[in-house]
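These are the residues of each chain, in order.
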Amino acid sequence: RKEVEQDPGPFNVPEGATVAFNCTYSNSASQSFFWYRQDCRKEPKLLMSVYSSGNEDGRFTAQLNRASQYISLLIRDSKLSDSATYLCAVFSGSARQLTFGSGTQLTVLP
Amino acid sequence: ETGVTQSPTHLIKTRGQQVTLRCSSQSGHNTVSWYQQALGQGPQFIFQYYREEENGRGNFPPRFSGLQFPNYSSELNVNALELDDSALYLCASTVGGQGDSPLHFGNGTRLTVT
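Residues numbered from 1 in each chain as written. Chains lettered and ligands numbered in written order. Predicted model: local features only at pLDDT ≥ 70, side-chain atom pairs only at ≥ 80, totals over all residues. Heavy atoms only, no water.

A look at the overall build of chain A
Consideration 1: A count of helical and extended segments in chain A gives zero helices and eleven strands.
Consideration 2: Helices and strands in chain A line up, N terminus first, as β-β-β-β-β-β-β-β-β-β-β.
Consideration 3: Dimensions of chain A along its principal axes, counting C-alpha atoms only, are 45 × 30 × 20 Å.
Consideration 4: In chain A, which comprises 110 residues, the share counted as buried stands at 46%.
Consideration 5: A fraction of 56% describes how many contacts in chain A between residues 6 or more apart in sequence connect residues 24 or more apart.
Consideration 6: Accessible surface, chain A as shown: approximately 5400 Å² in total, 46% of it carbon and sulfur.
Consideration 7: If the 11 positive side-chain charges of chain A are averaged to one point and the 10 negative ones to another, these points end up 5 Å apart. (Helix = DSSP H or I, 4+ residues; strand = E, 2+ residues; numbered from the N terminus. Buried < 20%, exposed > 50% of the residue type's maximum accessible area, 1.4 Å probe, protein only. Contact = heavy atoms within 4.5 Å. Areas by Shrake-Rupley, 256 points an atom, 1.4 Å probe, with all protein chains shown as cover. Lys, Arg positive; Asp, Glu negative; His and termini not counted. Charge placed at Lys NZ, Arg CZ, Asp CG, Glu CD.)

Digging into the sheet that holds strand 5 (residues 44–50) of chain B
Residues and elements named next belong to chain B.
Consideration 1: With mixed pairing, the six strands of this open sheet are ordered in space as 2-10-9-4-5-6. Since the sheet does not close on itself, it has two edges, and those belong to strand 2 (10–13) and strand 6 (53–57), each with one partner. This sheet shows a mean twist of 20° between the axes of neighbouring strands, independent of strand direction.
Consideration 2: Sheet topology note: the strand 4 (residues 31–37)/strand 5 ladder contains six bridges and is antiparallel. From the neighbouring strand, Tyr35 faces strand 5, where its bridge partner is Phe45. (Pairing = 2+ DSSP bridges. Axes fitted to C-alpha atoms, helices over the stretch in contact; angles between N-to-C directions.)

Some points on the interface of chain B and chain A
Consideration 1: Listed per partner, the contact involves 24 residues of chain B and 19 residues of chain A.
Consideration 2: The tally of links between chain B and chain A comes to zero salt bridges.
Consideration 3: If you look at where chain B meets chain A, you find three residue pairs in polar contact (both at pLDDT 80 or more).
Consideration 4: The set of elements that each furnish at least two residues to the side of chain B that touches chain A consists of strand 4, strand 5 and strand 9 (87–94) of chain B.
Consideration 5: Class assignment of the residues belonging to the side of chain B that touches chain A gives a composition of eight nonpolar, 14 polar and two charged. (Salt bridge = Lys/Arg side-chain N within 4 Å of Asp/Glu carboxyl O. Polar contact = N/O pair within 3.5 Å; in protein donor to acceptor, adjacent residues only side chain to side chain. Nonpolar A, V, L, I, M, F, W, Y, C, P; charged D, E, K, R; others polar.)

Details of the confidence of the model for chain B
A low pLDDT means the predicted coordinates there should not be read in detail.
Consideration 1: Mean pLDDT over chain B stands at 92; residues scoring 70 or higher make up 95%.
Consideration 2: Element-level pLDDT for chain B is lowest in strand 6 of chain B, with a mean of 91, against a maximum mean of 98 in strand 10 (residues 109–113) of chain B. (pLDDT = per-residue confidence, 0-100.)

Description of the state of the cysteines
Residues and elements named next belong to chain A.
Consideration 1: Following the criterion strictly, the structure yields two disulfides over all chains and no others.
Consideration 2: Two residues, Cys23 and Cys88, share a disulfide whose sulfurs are 1.9 Å apart. Between Cys23 and Cys88, the S-S dihedral sits near 65°, and the bridge is therefore right-handed. Here Cys88 lies in strand 9 (residues 84–92) and Cys23 lies in strand 3 (residues 19–25), a separation of 65 residues in the sequence. Each member of the pair, Cys23 as well as Cys88, is classed as buried. (Disulfide = S-S within 2.5 Å.)

Focus on the sheet that holds strand 1 (residues 4–6) of chain A
Picture the strands of a sheet paired through backbone hydrogen bonds; they go either parallel or antiparallel.
Residue and element names in this part refer to chain A.
Consideration 1: Sheet architecture is open: five strands sit in the order 1-3-8-7-6, paired in antiparallel fashion. In this open sheet, the two edge strands, each paired with only one partner strand, are strand 1 and strand 6 (55–57). On average, each strand axis in the sheet is inclined to that of its neighbour by 15°, with strand direction left out of account.
Consideration 2: Where strand 3 lies against strand 8 (residues 70–75), six bridges are found, and the strand directions are antiparallel. Directly across from Val19, in strand 8, lies its bridge partner Ile75.

Here it is, written out as structure tokens:
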């Protein structure tokens, strides 16, 4: 079993739709959680950190469920510019590394 | 703009050759991490350097090695290149050796092994 698993995708949604991605992690000692966005042939860029109480940044909402060991990302009112691959990442202090999921590809259609 | 710069941007090598990739960390950052991202996969942790010492390593063979210099810039060396080493190599720098801060990557080096 992979340490971090994401929805397989791809997700094709119309503009204005709401889309949600989930990501599960296996290490219960994981400490920090992040969502990254990656455009084609570019480096991943930090979208947002994920906090236990949940957090929002404009149209983006991230949530963490420690009991079930998953994090989620909700995108409201999707824009064409949201088309990208979304990667979840989990930090484990014992391993001193950030472990990424394989990513979920989102295409927002006009 | 992350302040992390990587060179070269693209590189083509032949199987069996050796390659050196370079990373200049953001000013004030003393920790550098390297990741390998194969096509269609998420980045995989190679290793991390803190104050010129390796202080974390992922599941990569010894032919992947690194250095960190007194100015905290870093090199990733790969010996005996294999076709599967073709990937985007990413570098990130942070402050402190724990690595729990969010990573901001440089623009990466795309290595193609033929």
